[in-house]
Amino acid sequence: MKPVIVVHGGAGRIFKDREEGARSGVTRAALKGYSILKQGGNALDAVEEAVTSMEDDPHFNAGCGSVLNEKGEVEMDAIIMDGKNLASGAVSAVKCIANPIKLARLVMEKTEHMLLTDHGAHLFAKAMGVPEIPGEKLITERSRERWRKNLEPDSNPQEFKKDPGTVGAVAIDNEGNVACATSTGGLTNKLVGRVGDSACIGSGGYADNHVGAISTTGHGESMMKVVLARLILYHMEQGMSPVEAADTALNYMKTRVGGLGGVIVVSNSGDWAARFSTKQMSWATVKDDQLQYGIYTGEIHTSSVAEALESK
């Protein structure tokens, strides 16, 4: 099996001054993940590496750069899933750690549970030796500014919900194993303790070697209502291609509950899709040593991996 990785940096509205940072962030993440796959590494390591790269990039709403809750704090959710045995680990409402996706993987591998939240996740992180960092270190000036604006009496919270909300990756490795990873800071000015789709298996992501892997982004509550990731795999099980399955599920979510979002998909045969119903979604993929990426509908830039690495 030829390895494939697809990543997204969130679906929504990406402002002009942030487009270049979003494009370079997703391409960097995809190249990092693909490098692991090319060396014979597994899909799980590849998606974790790609998402870690975006958590560390302040252009994205995950890790450093996460949006703030109503109290001006960062609370993050993440999930990782192994398509080989349907093992999964997730964390929700976690604070003061740089990479929630790494903690999610520890939940999967070091506990008998699938999801740890808030204080319990904090205690587990401590027990695992995960470094604690000051919450301030995760807050960018942009996140603070948007939080302040939302507190103003004439602000429109719906406008801020259009901002890109998540990062994610899906991959298939040489052995034919698939995996997904998704991480987010959630919604700007959300209630303390709000958990969206990203930490919820079947909504924020799903991976099954029998079908493929999905990572989602967009309005979390809508995706939870339709269990978006698993819905797409269901359509693929019925014979749809990744593109058809993604479009069908996104259209259902829009017509049934008025929700917009985006998804990345890889099938167990190595076909992939990056589809969205929002105005934009930053995405990148590497397959057959060829990098492709874009932000707008119909926008696809292509270069060889060698050229991309040179320019980086």
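In the annotation of an unreviewed UniProt entry, the entry for the chain reads Isoaspartyl peptidase/L-asparaginase, and the organism field reads Platysternon megacephalum.

Before going further, it helps to examine the nonpolar core. One finds Ile5, Val7, Ile80 and Val286 to be the most contacted residues of the largest nonpolar core, which totals 50 residues. In contact with Val7, other than residues within four places in its own chain, are Val26, Ala29, Ala30, Ala50, Met54, Gly168, Ala169, Ile264, Ser282, Trp283 and Ala284. Residues Ala11, Cys180, Ile232 and Phe276 belong to the second largest nonpolar core, which totals 35 residues.

In any sheet, the strands associate via hydrogen bonds between backbone groups, in a parallel or an antiparallel arrangement. Taken together, four strands build an open sheet; the order of strands is β7-β8-β9-β10 and the sheet is antiparallel. At either margin of the open sheet sits one strand with a lone partner, and together these are β7 (205-208) and β10 (272-276). Within the sheet, the average angular offset between the axes of one strand and its neighbour, ignoring direction, is 10°. Seen against the sheet, helix α8 (residues 228-237) touches β7, β8 (212-218) and β9 (261-267) and runs at an angle of roughly 140° to β8.

Our focus in this paragraph is the environment of Asp197. Turning to its location among the elements, Asp197 is positioned in the loop between β6 (178-184) and β7. Residue classification places Asp197 among the buried residues on the basis of a relative accessible area of 3%. Separated by eleven residues in the primary sequence, Asp197 and Gly186 place their C-alpha atoms 9.0 Å from one another. Setting aside residues up to four positions removed in sequence, Asp197 forms contacts with Ser203, Gly204, Thr216, Gly220, Met223 and Met224.

Thresholds applied
- Residues numbered from 1 in each chain as written.
- Predicted model: local features only at pLDDT ≥ 70, side-chain atom pairs only at ≥ 80, totals over all residues.
- Heavy atoms only, no water.
- Core = buried A, V, L, I, M, F, W, Y, C linked by side-chain atoms within 4.5 Å.
- Buried < 20%, exposed > 50% of the residue type's maximum accessible area, 1.4 Å probe, protein only.
- Contact = heavy atoms within 4.5 Å.
- Pairing = 2+ DSSP bridges.
- Helix = DSSP H or I, 4+ residues; strand = E, 2+ residues; numbered from the N terminus.
- Axes fitted to C-alpha atoms, helices over the stretch in contact; angles between N-to-C directions.

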